[in-house]
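A closer look at the structure
Residue-level listing of the chains:
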Amino acid sequence: MSVPAACFFDMDNTLMANDCDVSWKDFLIAEGVAAPDERANSDRQWHAYLDGIISEEAFVSFQLRQFAGKTPDEMGKLTRKHFETVVRPRIYPQAQEAICAALAHGAVAVLLTATHRPVAQPVADYLGMTDAICTEAELCDGRYTGRLAGRYNILDRKVESARAWLSARGLSLDQCAYYGDSEHD
């Protein structure tokens, strides 16, 4: 049996019993950073995006609006608190074991998620992952704009992102493994 050169891991409901986009909005509401109606509005925005009623940019801008005007340090305090209080307790021990096994066999372990980097990176760091491929939040003059930088890393774009990451390292999809929780994955 050959060992894959790279193992990609989806994040939400694969590495943990949690969806970080949902828990992030709930956390912001609990912290008083977002209005209580953000939760219901978030669900409406997601379904409108899936139904093609709003653009990808509009949906991601809604998701990132609490970042607008803030520095990475300011938001980092919140994203780390979210990770420690909400996410870390929900990480599956089996996920940690799978990542450790991949690394022990010489593979690189890469987080591959649609979640934006400020919320996803603490997960990759905690689990000792080699890299993270995430949706990127735009920065201008050291502050988040509340907009997307690049493309939303969702659905087929995850495959495109994985291919690009592998190609930059002289690898291909047939040399990797992928762990996910859904049909989209």
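Residues numbered from 1 in each chain as written. Predicted model: local features only at pLDDT ≥ 70, side-chain atom pairs only at ≥ 80, totals over all residues. Heavy atoms only, no water.

A separate point is the overall build of the protein chain. Broken down by element type, the protein chain carries seven helices and five strands. Written out in order from the N terminus, the α and β elements of the protein chain read β-α-α-α-α-α-β-α-β-β-α-β. Whereas a compact globule of 185 residues would reach a radius of gyration of roughly 16 Å, the protein chain reaches 17 Å, a difference of no more than 12%. C-alpha extents for the protein chain along the principal axes are approximately 50 × 35 × 35 Å. Burial statistics for the protein chain: of 185 residues in total, 43% are counted as buried. Contacts in the protein chain between residues at least 24 apart in sequence constitute 67% of all its contacts with a sequence separation of at least 6. For the protein chain, the exposed surface amounts to about 9,400 Å²; the carbon and sulfur share of it is 51%. Across the protein chain, 18 positive and 27 negative side-chain charges occur, with their mean positions spaced 5 Å apart. (Helix = DSSP H or I, 4+ residues; strand = E, 2+ residues; numbered from the N terminus. Rg over C-alpha atoms; globule rule 2.2 N^0.38 Å. Buried < 20%, exposed > 50% of the residue type's maximum accessible area, 1.4 Å probe, protein only. Contact = heavy atoms within 4.5 Å. Areas by Shrake-Rupley, 256 points an atom, 1.4 Å probe, with all protein chains shown as cover. Lys, Arg positive; Asp, Glu negative; His and termini not counted. Charge placed at Lys NZ, Arg CZ, Asp CG, Glu CD.)

Taking 1.5 Å of rise per residue, the 16 residues of helix α4 (residues 72-87) would be expected to cover 22 Å, yet its terminal C-alpha atoms sit only 19 Å apart, more than 12% below that figure. Taken together, the buried positions of α4 are Met75, Gly76, Leu78, Thr79, His82, Phe83, Val86 and Val87. Here the buried face of α4 lies against α1 (20-30), α6 (117-126) and β4 (143-149). (Expected span 1.5 Å × (residues − 1).)

Next up on the list: the sheet that holds strand β5 (residues 176-179). Taken together, five strands build an open sheet; the order of strands is β4-β3-β2-β1-β5 and the sheet is mixed. Only two strands of the sheet have a single neighbouring strand rather than two, namely β4 and β5. With strand direction ignored, the average angle separating the axes of adjacent strands in the sheet is 35 degrees. (Pairing = 2+ DSSP bridges. Axes fitted to C-alpha atoms, helices over the stretch in contact; angles between N-to-C directions.)

Attention shifts here to the packing of aromatic side chains. Scanning the model with the defined rule gives eleven aromatic pairs in all. Each ring, one from tyrosine 49 and one from phenylalanine 59, has its centre 5.3 Å from the other, and the planes form 15 degrees; the classification is stacked. Highlighted residues: tyrosine 49 in helix α2 (residues 38-50) and phenylalanine 59 in helix α3 (residues 56-64), separated in sequence by ten residues. Take tyrosine 49 and phenylalanine 59: they sit in the same class, and that class is buried. With 5.4 Å between their ring centres and 55 degrees between their planes, phenylalanine 83 and tyrosine 126 make a pair best called tilted. Of the two residues, phenylalanine 83 is situated in helix α4 and tyrosine 126 in helix α6; the sequence distance between them amounts to 43 residues. Residue classification places phenylalanine 83 among the buried residues on the basis of a relative accessible area of 4%. A network of ring pairs unites the aromatic residues Trp24, Phe27, Phe67 and Tyr144 as a single cluster. The ring of phenylalanine 62 has lysine 25 lying over it, and the distance from NZ or CZ to the ring centre is 4.3 Å. (Phe/Tyr/Trp six-rings, centres within 6.5 Å; stacked < 30°, edge-to-face > 60°. Lys NZ or Arg CZ within 6 Å of the ring centre and 35° of its normal.)

Let us now look at the nonpolar core. Of all hydrophobic cores here, the largest spans 41 residues; its most connected members are Leu15, Met16, Trp24, Leu111, Val123, Met129 and Tyr152. Ranked by the residues each element gives to this core, the list is headed by α4, at five residues. Leave out the neighbours within four places in its chain, and leucine 111 touches Phe9, Asp10, Met11, Leu15, Ala120, Ala124, Met129, Asp131, Ala132 and Ile133. Counting nine residues, the second-largest nonpolar core is a separate cluster that includes Ala6, Ala162, Trp165 and Leu166. (Core = buried A, V, L, I, M, F, W, Y, C linked by side-chain atoms within 4.5 Å.)

This brings us to the state of the cysteines. Applying the stated criterion across every chain, the model contains zero disulfides. Counting only cysteine sulfurs, cysteine 176 is the nearest neighbor of cysteine 7, a cysteine outside any disulfide, at a range of 8.0 Å. The class of cysteine 7 is buried, set by a relative accessible area of 3%. (Disulfide = S-S within 2.5 Å.)

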